[in-house]
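A structural walkthrough
The chain contents come next:
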Amino acid sequence: MTGPSAGDPVLRLRALEAGYAGVTVVRGLSLEVGAGEVVALLGPNGAGKTTTLCTISALLPAKGGEIEVLGAAVTPRTRPHRLARRGVAHVPEDRALFSQLTVRENLAVGGARDRGGAALAQVLDYFPALGSLLDRRAGLLSGGEQQMLALARALVRRPRLLLVDEMSLGLAPVIVERLVPVVRRIADELGAGVLLVEQHVAVALEVADRAVVLSHGEVVGEGAAADLARDQHLLAASYLGDAAG
Ligand code: ATP
């Protein structure tokens, strides 16, 4: 077993600057995610959460600062597929499923074939509802089922760092309350470190160990999830971008 032991950082950001050509969106972001830990990255629309995840997974080059994933630096030369091979799984906001392929085929593309059925059995343990949908095309699934499949596809690759962007987008609250705790289980049982971007702040804080709140690309609050859940001012900042203090 060469993976990090519980608590070892699987992600370290130091003074990260991130953005797009000509525009810096995230400034001075430092955070760590340990193996087996869930860290929620909160903040209102446009705070820079998606930009942060895309920069960590090397879909965007960082503009400054340092990113260390599983003990190695992520640089502008790092290719996303190499990070993926080393154990980084990124579940993007749009879920990135192959809508014309079946559930089973989407999982196979994710790597479920590699472990002779064991990966599929594990997926069905986490998401029993996918069992009766294996031969259905992904494009015909409900939003909640699609999100399960997106997470399942990450799961079959046995991630050591899981980046989850807005899994609740467009889903009914009752589905969100059922799905978000799955990332806690992935952290607890598989030892993955999870960075969870989520608009449903209360649900995110229930499953997270710690949280970082971004507003306009800068950290306006951070701490233990249980403490933040009691901080009404900071919660307002997570939704609305109010100045927290
Ligand atoms: P949301 O919940 O709305 O996705 P977010 O916190 O994830 O919010 P980002 O998507 O990271 O925010 O966007 C941060 C800022 O970067 C926004 O002002 C957005 O307009 C800008 N932005 C996003 N994508 C691009 C792009 N391709 N080019 C230029 N600016 C962009």
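On to the overall build of the protein chain, then. Across its full length, the protein chain holds 10 helices and 10 strands. Taken against the 2.2 N^0.38 rule, which gives 18 Å for 245 residues, the C-alpha radius of gyration of the protein chain at 17 Å falls within 12% of a compact globule. For the protein chain, the spread of C-alpha atoms along the principal axes amounts to about 50 × 40 × 35 Å. Per-residue burial for the protein chain yields a buried fraction of 49% across its 245 residues. If you take every contact in the protein chain between residues at least 6 apart in sequence, the share linking residues at least 24 apart comes to 69%. Total accessible area on the protein chain is roughly 10,900 Å²; 52% of this is exposed by carbon and sulfur atoms. For the protein chain, the distance from the average site of its 25 positive side-chain charges to the average site of its 26 negative ones is 9 Å.

Attention shifts here to the pairing of strand E7 (residues 161-165). Each regular strand shows side chains that alternate between the opposite faces of the sheet. Most of E7 is tucked away: five of the five residues are buried. A two-sided burial pattern is seen for E7, the buried positions comprising Leu-161, Leu-163 and Asp-165 on one face and Leu-162 and Val-164 on the other. Two strands pair when backbone bridges link them, and E7 and strand E8 (residues 193-197) are joined in this way by five bridges, in the parallel orientation. Bridging from a neighbouring strand, Leu-163 pairs with Leu-195 of E8.

Let's shift gears to the confidence of the model for the protein chain. When the pLDDT values of the protein chain are averaged, the result is 87; 90% of them are 70 or greater. E8 holds the highest mean pLDDT among the elements of the protein chain, 97, whereas helix H10 (residues 232-240) holds the lowest, 69.

A few words on the packing of aromatic side chains. Tallying each qualifying case throughout the model produces zero aromatic pairs. Lying over the aromatic face of Tyr-126, Arg-185 brings its terminal NZ or CZ to 3.9 Å of the ring centre.

The rules behind each value
- Residue positions are given per chain, counting from 1 as you read along its sequence in written order.
- Whole-chain, interface and lining totals are the exception, using all residues; otherwise, since this is a predicted model, local features are given only for residues with pLDDT of at least 70 and side-chain atom pairs are given and counted only at 80 or more.
- Side-chain metrics rest on all non-hydrogen atoms present in the structure, leaving aside hydrogens and water.
- Numbering of helices and strands runs from the N terminus, with a helix taken as a DSSP run of H or I at least four residues long and a strand as a DSSP run of E at least two residues long.
- This radius of gyration counts C-alpha atoms alone. The globule rule is 2.2 Å times how many residues there are, raised to the power 0.38.
- Remark: exposure states derive from per-residue accessible area (1.4 Å probe, protein chains only) relative to the maximum for the residue type, with buried under 20%, exposed over 50%, and partly exposed in between.
- Note on contacts: a residue pair is in contact if any heavy atoms of the two residues lie within 4.5 Å.
- Reported accessibility uses the Shrake-Rupley method at a 1.4 Å probe radius. Residues are deemed covered only where the shown protein chains occlude them.
- Charge counting follows a simple rule: Lys and Arg are positive, Asp and Glu are negative, and His as well as the terminal groups are ignored.
- All charge positions are set by atom: Lys at NZ, Arg at CZ, Asp at CG, Glu at CD.
- By this definition, two strands are paired if DSSP reports at least two bridges between them.
- Every residue gets a pLDDT, meaning the predictor's confidence in that residue, from 0 to 100.
- Here the aromatic set is Phe, Tyr and Trp, taking the six-membered ring for Trp, and pairing holds for ring centres within 6.5 Å; pairs whose planes are under 30 degrees apart are stacked, those over 60 apart are edge-to-face, and all others are tilted.
- Remark: a charge is flagged as sitting over a ring if the NZ atom of Lys or the CZ atom of Arg is within 6 Å of the ring centre and within 35 degrees of the ring normal.

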